[in-house]
Amino acid sequence: LNRDGFASFFQQRYSSTAVLLIAMGASRADAEDAVQEAMINAWQKWETIHEPTAWVRTTAIRKLQKGKRQLPPTTALDESAADPEGTDLAVFSEEQRRVLSLLRQLPTAQRTITALYYDGLSAEEIAEVTGKPATTVRSHLRHARRALKEVIASEQSWSAAPDP
Amino acid sequence: MTAEHGDAEFADTDTYITRHLNEAAAALTAHSDIRAKLRAVFCADLQNGEHDTNTGIARST
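Because the structure is a prediction, the values reported are computed rather than measured.

1. Describing the overall build of chain A
Secondary structure summary: chain A contains seven helices and zero strands in total. Starting at the N terminus and walking to the C terminus, you meet the elements of chain A as α-α-α-α-α-α-α. In chain A, which comprises 164 residues, the share counted as buried stands at 49%. Here the analysis covers contacts within chain A between residues at least 6 apart in sequence; of these, 67% occur between residues at least 24 apart. For chain A, the exposed area adds up to about 8200 Å²; of that, 50% sits on carbon and sulfur atoms.

What follows is the structure, given as structure tokens:
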């Protein structure tokens, strides 16, 4: 088995896949568990997987959506049921948490699509992963990005405003 | 780069969010013991029991 190839892949994709799941609304613990389990499955089938990034992403999302790892309808960072004290995401900077929060607060229909988009997928690839038509994906992406743009612009204008 | 990723209207937003998500992934890598997690993946796959002399971890073939 190609141990070095898998190790390199693991180091490249473990954290970015976990961040994708966190952006979709998962707690950090659930995201890391789902990615770790997906990676174990990937290693067991490594020689037969042709697109490991997509395979692990899809497998981790499915694991997250099973059982107790249900994604909440909308999740502000300070409302995480798994982490009432807010320490789950303390590893991230304030700005990183703010961006994750913006994504997690998107309406359910837009959130997964937008998180996948920022993981580098095209509308067609997102349509394949989610089972939604590409036109619907594009529409959700447009609405979500417009909302994100307005919030970010508003925050930046506030932070750039001179003190009275 | 896809057509959506090249959309000029949202270029600044995309750049801003992508940068912070990449930095978040780097922060998670820095905080997590990635090597231990990788060893755990290999350890979970012990059913064939072949021993890896480099790592001391049994492996499947």
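After presenting the structure, the write-up continues.
2. Remarks on the packing of aromatic side chains
All names here are of chain A. If you walk through the whole model with that rule in mind, you get nine aromatic pairs over all chains. Taking the centre distance of 5.1 Å and the plane angle of 45 degrees together, the rings of Phe 6 and Trp 43 count as tilted. Of the two residues, Phe 6 is situated in helix H1 (residues 3-23) and Trp 43 in helix H2 (residues 28-44); the sequence distance between them amounts to 37 residues. When the ring of Phe 9 is compared with that of Trp 46, the centres are 5.3 Å apart and the planes differ by 40 degrees; the resulting orientation is tilted.

3. Digging into the side chain of Asp 119 of chain A
All names here are of chain A. Among the structural elements, Asp 119 can be located in the loop between helix H5 (108-118) and helix H6 (123-130). Here Asp 119 falls in the buried class, since its relative accessible area comes to 17%. Among the polar contacts made by the side chain of Asp 119, one reaches the side chain of Arg 57 at a distance of 2.8 Å.

4. Re the interface of chain B and chain A
Facing the 36 residues of chain B at the interface are 40 residues of chain A. In this assembly, chain B packs against chain A so that about 3600 Å² is buried in total across both faces, 65% of it on carbon and sulfur atoms. Our count for the contact surface shared by chain B and chain A stands at four salt bridges. A salt bridge links Glu 9 of chain B to Arg 146 of chain A; its shortest N-O distance comes to 3.4 Å. Our count for the contact surface shared by chain B and chain A stands at eleven residue pairs in polar contact (both at pLDDT 80 or more). Sorting the residues of the side of chain B that touches chain A by element identifies helix H1 (11-31), helix H2 (34-43) and strand S2 (58-59) of chain B as the ones contributing at least two each. Ranked by the residues each element gives to the side of chain B that touches chain A, the list is headed by H1 of chain B, at 14 residues. Partitioning the side of chain B that touches chain A into residue classes produces 16 nonpolar, eleven polar and nine charged.

5. As for H2 of chain A
With 17 residues, H2 of chain A should reach 24 Å at 1.5 Å per residue; the first-to-last C-alpha distance of 24 Å fits that figure. Among the residues of H2 of chain A, Arg 28, Ala 31, Glu 32, Ala 34, Val 35, Gln 36, Ala 38, Met 39, Ile 40, Ala 42 and Trp 43 of chain A are the ones counted as buried. At its buried positions, H2 of chain A is contacted by H1 and helix H3 (52-65) of chain A together with H1 and H2 of chain B.

What counts and what doesn't
Residues numbered from 1 in each chain as written. Chains lettered and ligands numbered in written order. Predicted model: local features only at pLDDT ≥ 70, side-chain atom pairs only at ≥ 80, totals over all residues. Heavy atoms only, no water. Helix = DSSP H or I, 4+ residues; strand = E, 2+ residues; numbered from the N terminus. Buried < 20%, exposed > 50% of the residue type's maximum accessible area, 1.4 Å probe, protein only. Contact = heavy atoms within 4.5 Å. Areas by Shrake-Rupley, 256 points an atom, 1.4 Å probe, with all protein chains shown as cover. Phe/Tyr/Trp six-rings, centres within 6.5 Å; stacked < 30°, edge-to-face > 60°. Polar contact = N/O pair within 3.5 Å; in protein donor to acceptor, adjacent residues only side chain to side chain. Buried area = accessible area lost by both parts, 1.4 Å probe. Salt bridge = Lys/Arg side-chain N within 4 Å of Asp/Glu carboxyl O. Nonpolar A, V, L, I, M, F, W, Y, C, P; charged D, E, K, R; others polar. Expected span 1.5 Å × (residues − 1).

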